[in-house]
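Read off the chains here:
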Amino acid sequence: MYYKYDPEKSIHIPAPFKRAITPLFMGDDDKIKETNFSVHFTEWAPGCEIDSHCHDSAMEAMYCISGEGIAEVDNESHEFVPGSMIVAPPGVQHKIQNTGTETLRVFCIFSPP
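Residues numbered from 1 in each chain as written. Predicted model: local features only at pLDDT ≥ 70, side-chain atom pairs only at ≥ 80, totals over all residues. Heavy atoms only, no water.

Peer 1: Looking at this structure, how should I read the environment of Leu24?
Peer 2: The residue Leu24 is located in strand β2 (residues 19-25) in this model. Sequence-wise, Leu24 and Cys108 are 84 residues apart; in three dimensions their C-alpha atoms are separated by 9.7 Å. Residues in contact with Leu24, not counting those within four places in the same chain, are Tyr3, Lys4, Tyr5, Val39, His40, Phe41 and Phe107. (Helix = DSSP H or I, 4+ residues; strand = E, 2+ residues; numbered from the N terminus. Contact = heavy atoms within 4.5 Å.)

Peer 1: I keep staring at a nonpolar patch on the surface and nothing clicks. Help me out?
Peer 2: Among the surface-exposed residues, Met59, Tyr63, Ile65, Met85 and Val87 lie close enough to one another that they form a single nonpolar patch of about 440 Å² accessible area. Every element with two or more residues in the nonpolar patch is listed here: β4 (59-66) and β7 (85-88). In terms of residues, the nonpolar patch owes the most to one element, β4, which gives 3 residues. Among the secondary structure elements, Ile65 is positioned in strand β4. Judged by relative accessible area, which is 40%, Ile65 ranks as partly exposed. (Patch = residues over 30% accessible without salt bridge, like charges linked within 9 Å, V, L, I, M, F, W, Y side chains within 5 Å. Areas by Shrake-Rupley, 256 points an atom, 1.4 Å probe, with all protein chains shown as cover. Salt bridge = Lys/Arg side-chain N within 4 Å of Asp/Glu carboxyl O. Buried < 20%, exposed > 50% of the residue type's maximum accessible area, 1.4 Å probe, protein only.)

Peer 1: What is the right way to read the nonpolar core from this model?
Peer 2: A general feature of soluble globular proteins is that nonpolar side chains tend to end up buried together. Within the largest apolar cluster, 15 residues are counted, with the highest numbers of intra-cluster contacts made by Trp44, Met62, Phe80, Ile86, Ile96, Leu104 and Val106. The element that contributes the greatest number of residues to this core is strand β9 (residues 104-111), accounting for 3 residues. In contact with Val106, other than residues within four places in its own chain, are His40, Phe41, Thr42, Trp44, Met62, Tyr63, Ile65 and Phe80. (Core = buried A, V, L, I, M, F, W, Y, C linked by side-chain atoms within 4.5 Å.)

Without other data, these values stay purely geometric and don't point to any function.
In structure tokens:
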């Protein structure tokens, strides 16, 4: 199956956690009957962040494509730059803040969706 990033499908989250979330694959394709993951692309403007949160029953993997920030996972802070990835298992608190001067672009996978 083929999927392409389409910013027209973005979901815009208002301040203070301003960001755009663009679903790429949500497990709702009529040709794929069973799946245990979803994929989306998230973009944060400089200075924006997501709040500290966890997912009760899903694991989330977040891969930094461009930009720079700080990722906090289980109360540990990490430099979040291109080529780095964080993984938050179910129940683990995590947050990301864009500390750079350009848009922070992150590829995210949830399992289950």
